[in-house]
There are 2 protein chains.
Amino acid sequence: MSWELTEDDLPDLARGAALLGTGGGGDPYVGHLLVREAIREHGPVTVLDPDDLDDDTLVIPTAQMGAPTVVHEKLPRGTEPVAALRALEAHLGRRAGATMPIECGGINSMIPLVVAARTGLPVVDADGMGRAFPELQMETFAVYGVPGSPMVVAGERGETTIIDTGADNARMEWLARGITIRLGGVAHIAEYPMTGAQVKRTAVPRTLSLARTVGRTLRQARQRSADPIAALAEALRDTLYGHLRVLFRGKVTDVERRTEAGFARGRAAAVSFDGRHELELMFQNEHLVALVDGRARCVVPDLVCVLESEQAEPITTESLRYGQRITVVGISTPALMRTPEALAVFGPAAFGLPYAFRPVEEAA
Amino acid sequence: MSWELTEDDLPDLARGAALLGTGGGGDPYVGHLLVREAIREHGPVTVLDPDDLDDDTLVIPTAQMGAPTVVHEKLPRGTEPVAALRALEAHLGRRAGATMPIECGGINSMIPLVVAARTGLPVVDADGMGRAFPELQMETFAVYGVPGSPMVVAGERGETTIIDTGADNARMEWLARGITIRLGGVAHIAEYPMTGAQVKRTAVPRTLSLARTVGRTLRQARQRSADPIAALAEALRDTLYGHLRVLFRGKVTDVERRTEAGFARGRAAAVSFDGRHELELMFQNEHLVALVDGRARCVVPDLVCVLESEQAEPITTESLRYGQRITVVGISTPALMRTPEALAVFGPAAFGLPYAFRPVEEAA
C-alpha cells in the first residue's frame, strides 16, 4: 500500500532504519534533519508500494557514499543527491518517475526522501540491500542482473562524474570509492537505473514501511514501559524478517576502529554482565558477524543489531564506545538475500570472513 | 599547410616530441610503436593545419594520463583513447571532426595519431601546452577560456568515467588524477572538446610539424657529423620557439625520483666536465627549472631539454641516470605561453617554485 510520509514519521523511520542498517548506513540523525528540512520546504513525500509502480517507469535510486566517520564532519546540503539524479537523467536522456533507496540504513533510507521531497518524485518502498552493506556491488539489483552502470557520483561543489563499467559492478564500486575519497570522503550517488518491472523482480520490498514499523514499535514499547526487544520480535514475526534472536547482553570492553580505503573498519569486544561470556563483533561500516564465546551466532547478510540496553536505541558502528551497555540481537533476512547467488555477492566470503553462512534462527 | 603522416615520419616525430616534451609526456618509443601499428593497419594520417580547420568543426583532443614511470610497465593496446573519444562524442551527442594533442611530448604527441589512424579522423597540427606539463588545467585552452569539462577517463578494461566540473579545470584534474590512480596509474582521456574557431584562438599552432622538424634536424646533423645543437638552434630560429641557449654540459651525479600522488617527481644534479660548475634540475613528470651554480637559467614554461651529449638524444625524466653525460639546453616558448594569464596557470608559481619567470634568452 502506498502512503504519504510526513515530518511526524521521521523519528520512527530514522530509528527503524538505524536498526535495520546493522550499525551502518550513516548517521540517522543527520538524515532525519535533511528530510525534515526538505519536507518543511516542499511538502510530504509519497512512498510508493512496488505493486503500484508501472513496469516501464524509470526508477533511479539515490544515496550517499562514504565512510560514516567522515559524514559526521561533513554535513550535506541536500541538493547533492538531486544533482546526481539529474545528471544521470541527462546522460540517459530520460526522466525518472521515482527514486528509491539502495539500502536500508541510517542516512541512506533518508537521502531518497530528500530527493523525493525536493523533486516531487515518489520514493519506492523497497531497497537493494534489505539492510546496509558497505559496497555498491552488494545489491540484490546486481545479484539478479541489473547493472549498476551508468552511475553518477556528485560532489559538494557541483562536480559530477558518470561511471560506466558495463556489467562489472565491483569495478564500478572501486572507481566510485576512489572518486568519493578524492571528493573528501563523502559524495552522493545515483546508480542502478532500472524499470519498475526490474524493481519488482530484484528489490527487497517494503523496507521503508518496515523501518517505520520497527521505530514505532520501539518507541511505543518504551512509552508503555514494555520490553522493547520482545515487542520488536512480535512486530517482525509476520514480515520477511521473521526471526529475532537475542544473542548477547553485556558491556563493551574494547573498540578498534580505523578509517581506511574509504571505509570504517574494525572490531569490538564485550563481556556479559555476569562475566561468563564474551562477544566479538566485526564490522566494515556495518556489523558483519557476531561471535559469542568464539562461535558465529549471526553472520552477514543476516542482521547483527547492537542496541543500547535500557531503551533499545540502535548504536551505529562509529558510535560504539567503551563501557556501553548493549543488547545484541540477530534478525533473519528475506529469502532473496540468502540464495547462493546472493551469498556469493554479500555473504561472509565476500568480506573475507572465515565463517559459513547459517540462518540466524538455526545458528543462534 | 596540411600534410600526410606516414610510418617513415615517426622516428623523427618521436625524437622531436621527446625534446619538446622537456623530459615528460611519456616514453616516445612506446608511442612510436602504437602509431606504427595503427598506420600499418589503417593507413596514413592527415595532419590538418589549423588554417584548414572549419570554425564549427568539433575537435576532441585525446591523450594518455598517468605517471611515465607506470607507463613503462603497462603498455596500452591503442584502443583505449578511441574509447575515450567515442564516449565523449556519445555524451555530447555530436561526432568529432578531428582530434588533437593536448601536449607536445613523448607519448602524447603520438596518442592522437593512434586515434586518427584508427578512426580516420584528421589530427590538428597544434596542441594545448606547446610542451608537456604534468596537469590537465595547464593548457593554453584553459588559459584562454575553453573549459576542460566534460572529459572522459577510459581504463584498460573498457570502463569510462565522464567528469564535469564546469569551469573548474583544476578540480577536473584532481578527479581525473584520482581515477587514473584507481585505474592502476595510467588511463586515456578525451577532454577540452572545442570548435575549430576555439582551436585557432587558444592552441599552440603547428607543434606536430615542429616536432618532425626538430627530430629530422637532429638525425640529419648526426648523419653528416655536424653539431646537432647548432643545427637545432638554426632550425628553430624562424619558428615560434626562436631562441636556443646551451645552459650546461656535464655528468649526472645524483637523481632523486619518486612516484607520488600519480606523478614522477624529483630532482637531479650534475657537475660540468671541468668540475667547476654545478647543475640542478627539478621536475614533476617534466623538467621545470634548470639552476646553474644556484641561479635559475631556464624556468617553466620555457623548455629545459636534457640531451645525451654525443648524439643529442633527448632523455626523459624517468630515464635520467647517474653517470650520464648530458647537454642541457633552454628553448624559448611562444608569446601566448608567456602572458600573465598563462604564467598564472603554468608558470613557476603554479608548481610552488620560488623562482620568477624570466625568458630564457635573457636569463641564460
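Values in this document were obtained by computation on a predicted structure and should not be read as measured data.

Here we look at the sheet that holds strand 15 (residues 286-292) of chain B
All names here are of chain B. Taken in spatial order, the seven strands line up as 16-15-14-13-12-18-17 in an open sheet, and their pairing is antiparallel. Edge positions in the sheet fall to strand 16 (295-299) and strand 17 (303-308), since each has one partner strand and no second. The average undirected angle you get between the axes of adjacent strands in this sheet is 35°. Here strand 14 (residues 278-284) runs beside strand 15; their pairing, made up of six bridges, is antiparallel. When the bridges of strand 15 are listed, Glu280 appears paired with Leu291. Each of strand 12 (244-260), strand 17 and strand 18 (325-331) touches helix 10 (residues 228-236); the most contacted strand, strand 12, lies at about 100° to it.

So, the relation of the copies chain B and chain A
Rotating chain B by 180° and translating it 0.0 Å along the rotation axis places it on chain A, where the RMSD comes to 0.0 Å. The transformation just described matches what one would write down for a two-fold rotation axis. Proximity to the rotation axis, assessed at the C-alpha, singles out Ile162 of chain B in chain B; its C-alpha lies 2.4 Å from the axis. Most of the interface of chain B is mirrored in chain A: 100% of its interface residues are interface residues there too.

So, the domain arrangement of chain A
Residue and element names in this part refer to chain A. The domain boundaries assigned to chain A delineate domain 1 (3-205) and domain 2 (227-363). The C-alpha-based centres of domain 1 and domain 2 are spaced at 24 Å. Between domain 1 and domain 2, the contact holds 38 residues from the first and 37 residues from the second. Summing the contributions of domain 1 and of domain 2, the shared interface buries around 2800 Å²; its carbon and sulfur component is 68%. The largest per-residue losses of area from domain 1 upon contact with domain 2 belong to Leu19, Arg131 and Pro134, which jointly make up 19% of the total buried on that side. Summed over the shared surface of domain 1 and domain 2, the number is one salt bridge. With a closest N to O distance of 3.0 Å, Arg15 and Glu313 form a salt bridge. For the side of domain 1 that touches domain 2, the element with the most residues is helix 1 (residues 10-20), which contributes four residues.

Considerations on the sheet that holds strand 13 (residues 263-272) of chain A
All names here are of chain A. With antiparallel pairing, the seven strands of this open sheet are ordered in space as 16-15-14-13-12-18-17. If you trace the sheet from one side to the other, it starts and ends with strand 16 (295-299) and strand 17 (303-308), each paired once. Between one strand and the next, the sheet's axes are offset by a mean angle of 35°, whatever the strand orientation. Sheet contacts for helix 10 (residues 228-236): strand 12 (244-260), strand 17 and strand 18 (325-331); angle to strand 12, the most-contacted strand, approximately 100°.

Some remarks on the interface of chain B and chain A
As a measure of interface size, the accessible area lost when the parts come together is often cited. Contacts between the two partners involve 20 residues from chain B, matched on the other side by 20 residues from chain A. Across the chain B to chain A interface the summed buried area is about 1900 Å²; carbon plus sulfur atoms make up 53%. When the buried surface of chain B facing chain A is broken down by residue, Arg171, Leu175 and Arg182 of chain B rank first, second and third, together holding 37% of it. Where chain B meets chain A, there are two salt bridges. Notably, a salt bridge pairs Glu159 of chain A with Arg171 of chain B, separated by 2.5 Å at the nearest N-O pair.

Conventions we followed
As a convention, each chain's residues are numbered from 1 in the sequence order in which they are written. All chains are assigned letters beginning with A, and all ligands numbers beginning with 1, in the order in which they are written. At least 70 in pLDDT is required for a residue's local features to be given in this predicted model, at least 80 for side-chain atom pairs to be given and counted, and no such filter applies to totals for whole chains, interfaces and linings, which use all residues. Side-chain figures throughout are based on the complete set of non-hydrogen atoms in the structure, without hydrogens or water. Any two strands between which DSSP finds at least two bridges are classified as paired. A run of H or I in DSSP becomes a helix once it reaches four residues, and a run of E becomes a strand once it reaches two; helices and strands are each numbered from the N terminus. Here an axis means a line fitted to C-alpha atoms, over the contact stretch when the element is a helix, while the angle between two N-to-C directions is reported on a 0 to 180 degree scale. The contact criterion used throughout is that any non-hydrogen atoms of two residues lie within 4.5 Å. Here the copies are superposed with least squares, the fitted atoms being C-alpha atoms of residues at a pLDDT of at least 70 in both. The source of the domain bounds is an automatic or database domain assignment. Summed over both partners, the accessible area lost on bringing two parts together, with a 1.4 Å probe, is the buried area. Each reported salt bridge corresponds to a side-chain nitrogen of Lys or Arg within 4 Å of a carboxyl oxygen of Asp or Glu.

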